[in-house]
Amino acid sequence: MLHISDLSVSFRTRRGEVEAVRGISFDLAAGETLGIVGESGSGKSVTSYALMRILDAGGRIKAGSAVFDGRDLAQAAERDMQRVRGREISMIFQNPRAALNPIRKVGHQLEDVLRRHGRATRSNARAKAIEALEAVRIRDARARYDAYPFELSGGMCQRVVFAIALACGPRLLIADEPTTGLDITTQKAVMDLVRDLTRDRGMSSILITHDLGLAAQYCDRLAVMKDGQIVETGAASALFADPQHPYTRKLVDATPRPGASLRDLLPAEVRTPLADHEPGTRPLVQVRDLVKIFPSKSGPVHAVKGISFTIREGQSVGLVGESGCGKSTTSSMLVRLLDRTSGDILFDGFDIAGVPADKFVRDARRSQIQMVFQDATDSLNPRHSARQTIADPILRMSDLRGAALTARVEELATLCGLPLPLLDRFPHQLSGGQKARVGIARAIALDPKFLILDEPTAALDVSIQAVVLNLLADLRARLGMTYLFVSHDLNVVRLLCDHVIVMQGGEIVEQGPAAQVMEAPSHPYTQTLLSAAPKPPAARPSLLKSAAE
Amino acid sequence: MTDATDIPDRKPDGAGAHLLHVLRENPVTLLSFSMFAFFLVQAFFGAMLVPHDPLATNSANALQPPDWTHWFGTDNLGRDVFSRVVVATRLDLTISVLAVAISFVIGSLLGAVAGYWGGWIDAVLNRILDTIMAFPLFVLAMGIVAALGNTIENIIYATALINIPFYARLVRAEVNIRREAGFALAARLSGNSHLRTLAFHIFPNALPPMMVQVSLNMGWAILNAAGLSFIGLGVRPPTPEWGILVAEGANYIISGHWWVALFPGLWLMLAVFTFNLMGDGLRDIVDPRRRT
């Protein structure tokens, strides 16, 4: 149905013309689901924009053809494309909230599309819109019709966007990272819905994602993209079982999956033995009945409802939960950026919760408790070079100056695998992985005992995530730090943590040794979380064997 | 374990190289900076370079049209218009630079405090700024100069005061969106007090948009100072100042002596034009993200 051959897309930039897509070819049969998988900058999104002819200014299709139903989309006139978009090919985007008009009721937005394409008249538009909302399994569609986008959750917004995309009965759906930023259970619900509805209607679909595991679960066939080229195409199970291209193998390796150890994520040639990790027995952090209540206009919000847990010295504890479960509030209180409402936080036996967050800067324990932030870009000062960023905590909280300071900064950079010439660069001149290394180097600059890792790999590509997770494990072994690893991704937590705490609605619903929680979860919520995580097909047995050796 | 794949041997640009890059990149910036240099030369060396004493009168030679001795002609007292226009540059630039500097500093302080701490400080400050903005600003400046006395200092204070709200609001917004940014929290964890975090981590990030404001403001400040002098407040004759020169010349336009008002007006316009054009270039210079 769709036949793409030698498609090339280029962009005009300050540094001349850049080819984002370099001569890709693939076919899509009617009713087939194709996954296009690749890391950031691989050209996977640009390919879909080129198909819809919605490239940014400066971008153009340089060569090749994209024949859809006998018509070459690469050459079609803009007038023809307007008929194709929405009616023949629909697209759903990454951020559903941004795709909806914030000041119009979702029902009206759906009606607009239906009436524009002659699928409804003024008199029956409302009924048809409600019908469309029901089709995407929105409960109580009649009431949701009058909701504004901000009143709906992210998953609900994505369903509305999906309803709009399906409104005119297109034959091809392009989903560009449709679940990035959604919780894992919501992701599963949305993806199941997309799969069921496209299957029922006999539609073809293209799923564009960075998540190999997700693509493998929902797609018939995968195309792996790198640097604007398709390096490998094949059925998901075959691709996992026997990746042909080295890049595919690297991606398959780097995807966290049950049964793999941290080192298995790295390419085989750089796997060094992992140091033994033996947590101590002395409690380092003891949290007792910690409560946080935020005042708000509609009454107090109980973000954290009296949680208690203990972190032993040298232990790595995973704090898992979906957005709004209170895990970020808890980590902010532990790192002393936020005051608690009540409860104790004992650090080495001393109640640090008693020191107000504003005063904690001058507390002797400030350098002992540090944090690596979620978004490496946002957490680095755009005006400071990597060197200044890493030196900042040393300047503020120690007496090292001059040559000793320079030596220490360079030692930290080496420890974190940051090449020394990069130290004089500004954040915008560094890649995502390099920025993550700078953030980690800053956090460990003063040899903290306790490091809170707030989803440190959430914004990174899987291959970079694999490297950063291994770096964290190596640092733990060398410096004997205790970790609290905050994450929504159970597959990642499993790799790094000895102990897992699962939070839901401000409460701890389950905690215990990682293996026990992962293999035999006792609470239904943990079971839901585990079953919602994408399950990549088993990797090639020989790969596992080599890892075991 | 390293992803040391792309380390170009090229070092990041230094400040000087970056300045050259910005100037080369954008011809408008180059033009505006050249014109700014032209005005700076007049401001610093104008009094030495001009061919005639700007205050020397010669009634025998009054209201002469431009010729090779008097490039811009002479005024009603026979003073050389060119010399007066060039010498006036120093006074006009001084007034506007000082006024903008004062409003920049005070506005930044107020805005940063309000944006960072919020709460009642923010509420009180905003109401005060609203009150200032509620007046027609030029009339407010007139009132201040008239009340405080007809001196150059008072022109500076008045111009500064009416510009403070623009800086305070801009800084407040820029600081506010960065208050909870990751790098600000990270600075707190690194042992920076609130004050240090604000001054050394958050505030410098507000500079690029501030530079655009500074440059536009310089233009307004010159116009404001000239405007006050034009209506007889502030600088007093015979001191050469563009506003006064235009005011004096305005009386002779009807009688056909166009040059007396035209040339100081032209200089005034060029100066304002220069500052308006400089904004984007200044922003690019202070923004490290423009360095590649």
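Since this is a predicted model, take the numbers as computed values, not measurements. (Residues numbered from 1 in each chain as written. Chains lettered and ligands numbered in written order. Predicted model: local features only at pLDDT ≥ 70, side-chain atom pairs only at ≥ 80, totals over all residues. Heavy atoms only, no water.)

## As for the overall build of chain A
Move 1: A count of helical and extended segments in chain A gives 20 helices and 20 strands.
Move 2: Seen along its three principal axes, the alpha-carbon backbone of chain A occupies a region of about 70 × 55 × 45 Å.
Move 3: The buried share of chain A, reckoned over its 549 residues, is 54%.
Move 4: Summarising the internal contacts of chain A: among those between residues at least 6 apart in sequence, 67% fall at separations of at least 24.
Move 5: Roughly 22,500 Å² of accessible area belongs to chain A as shown, and the carbon and sulfur atoms make up 49% of that amount.
Move 6: The centroid of the 68 positive side-chain charges in chain A is displaced by 5 Å from the centroid of its 62 negative side-chain charges. (Helix = DSSP H or I, 4+ residues; strand = E, 2+ residues; numbered from the N terminus. Buried < 20%, exposed > 50% of the residue type's maximum accessible area, 1.4 Å probe, protein only. Contact = heavy atoms within 4.5 Å. Areas by Shrake-Rupley, 256 points an atom, 1.4 Å probe, with all protein chains shown as cover. Lys, Arg positive; Asp, Glu negative; His and termini not counted. Charge placed at Lys NZ, Arg CZ, Asp CG, Glu CD.)

## Section: the sheet that holds strand β6 (residues 89-92) of chain A
All names here are of chain A.
Move 1: If you walk across this open sheet you meet the six strands as β6-β7-β8-β3-β9-β10, and the pairing is mixed. Either end of the sheet is taken by a strand with one partner, and the two such strands are β6 and β10 (229-235). With strand direction ignored, the average angle separating the axes of adjacent strands in the sheet is 15 degrees.
Move 2: Here strand β9 (residues 221-226) pairs with β10 via six bridges, running antiparallel. Counted as the bridge partner of K226 is Q229 from β10.
Move 3: Where helix α1 (residues 44-52) meets the sheet, it contacts β3 (33-37), β6, β7 (172-176), β8 (204-209) and β9, and its direction lies at approximately 145 degrees from that of β7. (Pairing = 2+ DSSP bridges. Axes fitted to C-alpha atoms, helices over the stretch in contact; angles between N-to-C directions.)

## With respect to the sheet that holds strand β16 (residues 369-372) of chain A
Residue and element names in this part refer to chain A.
Move 1: Overall, mixed pairing links the six strands, which are arranged β16-β17-β18-β13-β19-β20 in an open sheet. The sheet is open, and its two borders are formed by β16 and β20 (507-513), each paired with just one other strand. Going from strand to strand, the sheet's axes swing by 20 degrees on average, the running direction of each strand aside.
Move 2: Against the sheet, helix α15 (residues 432-443) makes contact with β16 and β17 (450-454), and its axis sits at roughly 175 degrees relative to β16, the strand it touches most.

## Quick word on the packing of helix α4 (residues 119-134) of chain B against helix α6 (residues 152-178) of chain B
The relative placement of two packed helices is expressed as an angle between their axes plus a distance between the axes.
Residue and element names in this part refer to chain B.
Move 1: Across the interface, α4 lies against α6 with an axial gap of 9 Å and an inter-helix angle of 140 degrees. Considered as vectors, α4 and α6 are oriented oblique to each other. Note on packing geometry: the crossing formed by α4 with α6 is left-handed. For the pair α4 and α6, the contacting residues are D122, N126, L129, D130, I132 and M133 in the first and L161, I164, P165, F166, A168, R169 and R172 in the second.
Move 2: A per-class count over the contact of α4 with α6 returns eight nonpolar, one polar and four charged. (Parallel < 35°, antiparallel > 145°, perpendicular 65-115°, else oblique. Left-handed = near helix turned anticlockwise from the far one by under 90°. Nonpolar A, V, L, I, M, F, W, Y, C, P; charged D, E, K, R; others polar.)

## Brief notes about the interface of chain B and chain A
Move 1: Each partner contributes residues to the interface: chain B has 38 residues there, and chain A has 41 residues.
Move 2: Roughly 3,300 Å² is buried in total at the junction of chain B and chain A, and carbon and sulfur atoms are behind 54% of that figure.
Move 3: One can count one salt bridge joining chain B with chain A.
Move 4: Between R188(B) and D358(A) there is a salt bridge, and its shortest N-O distance comes to 3.8 Å.
Move 5: Applying the counting rule to chain B against chain A returns 10 residue pairs in polar contact (both at pLDDT 80 or more).
Move 6: Elements with a contribution of two residues or more to the side of chain B that touches chain A: α1 (15-25), α7 (182-189), α8 (194-202) and α9 (207-230) of chain B.
Move 7: Tallied by class, residues from the side of chain B that touches chain A come to 17 nonpolar, 11 polar and 10 charged. (Buried area = accessible area lost by both parts, 1.4 Å probe. Salt bridge = Lys/Arg side-chain N within 4 Å of Asp/Glu carboxyl O. Polar contact = N/O pair within 3.5 Å; in protein donor to acceptor, adjacent residues only side chain to side chain.)

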